[in-house]
Structure formats: structure tokens, C-alpha cells
Amino acid sequence: MIQKVEVIHGCISCRTCETVCPSIFHVSPKSKVISHEYDGKESEILQAEAMCPVNVIKVQKKWGITLQFRHAELLEKKFYSPTIVELTFKTENFHCKPWQYISLQMQDRWGKFSRSYSVADHTAHSFTLNIKLEKYGRGSTYLKNLKTWKKISYLWALWSFYLKNPEDTRRKVFIATGTGLAPLYHMISKLPKETPKLLIFWNRFEDDIYYMDKLSLIENLEIILKVSRPHSEHLESKGRVTD
């Protein structure tokens, strides 16, 4: 039984709580509790609390309510550049829709915390994430140092904005920057081969361009690359994604 839900100071307006449990949380411009009718919504409320990246959602509860985490083992770690790493995890009975994300639950010397990442690819027994390694990021530091075959906890795939009607073969246009390519690659790879596809992909440096080998295998896909700070001033793709 949940007794009280509150949002303390420090919300960064990421909208995760509203996505997970819109009947309780609303972000405008910061998160706030809009209903105190908690019955039947206990799982979503606890999930919103666990997924909050800045831990500002506080839930007071009595006995008998727990959040069920799933577990995965790190199968492979592949660095595409010094700042981009692909992680593939082994799990069971996994499913998600292209564009959805999961929340990884981690712990360091400052305590437990969570970070959400879009799924780049998946099977029933694995999922793949692309991680941008920030120099001082808690999640980046944890995952960069995570050893193969180590276990991690996660919460199920979420997000209502995903590729709908993939069987519709009208031309699709995708715009990606950096590791924002992950959910778009997931979408593109699931489209019928006869669907015309255009991907506009921006990065700051040439070294940050990745997945070109995988993208080259997708039929009927045109790619426009943009690099804003190329090593060569004569690079044809110099520019920003807005160009």
C-alpha cells in the first residue's frame, strides 16, 4: 500500500515519470503529483521512482509492495570510438518496440541510481545499447568499467512514441545525432526492404561515425552524413544536421 508520493526539489524535466505513470505525474515545467489515488497504480509509481535519474521522486509505502527487476549479463562490449560503446546483454523473454528504452539500475560509491537508454537491437534473449561515454557521467563510468559476464538489473522497455504501422511502405525519413542513432537504427532495421528510407546522420567528428557497416546492409536506405568539426576542411559532408 502506498501512503504518499511527492516530488522534491531538483527535477530536470526529463518526463520519465509522466511517461511511466501519467495518471499520477505531470511535468509542466517541473514534475508534480496530480493525483493521490494510488490504488492499482503501485507498480507504475514505484517504477517512476526507480527510473528518476535525479532521485527526486519519494514514495512512502507500507508492507507488501516491491518492484520486480529483471536481470541481464553483459555478453559483449565494443568500442566504436573513445566516446561511443556498444553493449550487448543476455537476458530472457525480452521484447520491445522500435524506439522504446529500458532503465538500467546501477550502484556506485554514492549509492543506487538509474539511467535510461534506447534499445538499438534485440532478440528474445538479448538486447543491445549504444552508450555515449561522458567524462564525468555516473552511468558512463559504471558501464565503461562493467566487466563481461557481470550482471545488471533493469526495468522493462517503455515509451509510447515508437514506429507505428511498420508495414506502411511510404518513404520514411530519419534524423539522428550521435548515439541518438540507436532507436532509429532499431526502427530502420525492422522496416520492410521495399520501404524507401533516408537517414540524415550528424556527428561532431569523423571518429564518432559508427554503424555504417550495419547500415550498409539495409536495403533501400539512403544515408546523408554531416560532420561539424571534420579533420579535413575539404570533407564533402562538413556541416550540421540542420543544413
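The numbers attached to residues start from 1 for each chain and follow its sequence in the written order. Only residues with pLDDT of at least 70 get local features here, since the model is predicted, and only at 80 or more are side-chain atom pairs given and counted; chain-wide, interface and lining totals rely on the full set of residues. Each side-chain value is worked out from all heavy atoms of the structure, with water and hydrogens disregarded.

*Asks:* Which residues make up helix α4 (residues 181-190), and what values go with them?
*Replies:* Accessible area is worked out with a 1.4 Å probe on protein chains only. A residue is then buried under 20% of its type maximum, exposed over 50%, and partly exposed in between. By definition, any uninterrupted DSSP run of H or I lasting at least four residues is a helix, any uninterrupted run of E lasting at least two residues is a strand, and each is numbered from the N terminus. The element α4 is largely enclosed, with a buried count of eight among its ten residues. Here α4 has its buried residues at Leu-181, Ala-182, Pro-183, Leu-184, Tyr-185, His-186, Met-187 and Ile-188. Buried residues in α4 make contact with β8 (111-123), β9 (126-132), β11 (172-177), β12 (197-203), α5 (212-215) and β13 (221-227). Here, residues are in contact when the closest pair of their heavy atoms is within 4.5 Å.

*Asks:* Lay out the sheet that holds β9 in plain terms, naming residues and giving numbers.
*Replies:* Each pair of strands is called paired provided DSSP finds at least two bridges between the two strands. Read around the closed barrel, the six strands follow the order β5-β6-β9-β8-β7-β10; overall the barrel is antiparallel. If you compare each strand with its neighbour and ignore which way they point, the axes differ by 45° on average. Where strand β5 (residues 70-81) lies against strand β6 (residues 84-90), seven bridges are found, and the strand directions are antiparallel. When the sheet's bridge partners are listed, Phe-79 is paired in β6 with Val-85. Each axis is a line fitted through C-alpha atoms, and for a helix only the stretch in contact is used; angles between axes span 0 to 180 degrees, taken between their N-to-C directions. Together, β5, β6, β7 (101-108), β8, β9 and β10 (151-158) form the strand contacts of helix α3 (residues 138-145), whose direction differs from that of β8 by roughly 65°. Sheet strands touched by α4: β8 and β9. Its angle to β8, the strand with the most contacts, is close to 25°.

*Asks:* Lay out the packing of aromatic side chains with the relevant residues and their values.
*Replies:* Within a pair of aromatic rings, the relevant descriptors are the distance that separates the centres and the angle that separates the planes. Note on aromatic contacts: the rings of Phe and Tyr and the six-membered ring of Trp form a pair at centre separations within 6.5 Å, being stacked when their planes are under 30 degrees apart, edge-to-face when over 60 apart, and tilted otherwise. This model, assessed by the stated rule, comprises nine aromatic pairs. On the numbers, 4.9 Å between centres and 65° between planes, the contact of Tyr-185 with Tyr-211 is edge-to-face. In this pair, Tyr-185 is assigned in helix α4 and Tyr-211 in the loop between β12 and α5, connecting sequence segments 26 residues apart. Of the two residues, Tyr-185 and Tyr-211, both sit in the buried class. Consider the rings of Tyr-210 and Tyr-211, whose centres lie 4.9 Å apart with planes at 55°: the pair is tilted. By way of ring pairs, the aromatic residues Tyr-80, Tyr-185, Phe-201, Tyr-210 and Tyr-211 are connected into one cluster.

*Asks:* Which residues make up the nonpolar core, and what are the values?
*Replies:* If you look at the biggest cluster of nonpolar residues, it comprises 24 residues, and the most contacted ones within it are Ile-2, Val-5, Phe-25, Ile-45, Ile-57 and Val-59. Going through the elements one at a time, β1 (2-7), α1 (16-20), β2 (25-27), α2 (42-51), β4 (57-61) and β10 are the ones with two or more residues in this core. Beyond its immediate stretch of four places on either side in the chain, Ile-57 contacts Val-5, Glu-6, Val-7, Cys-17, Phe-25, Ala-48, Glu-49 and Cys-52. Remark: nonpolar core denotes a set of buried residues (Ala, Val, Leu, Ile, Met, Phe, Trp, Tyr, Cys) joined through side-chain atoms within 4.5 Å. Leu-74, Leu-104, Phe-127 and Leu-146 belong to the second largest nonpolar core, which has 22 residues in total.

Spatial relationships are all this shows, so hold off on functional conclusions.
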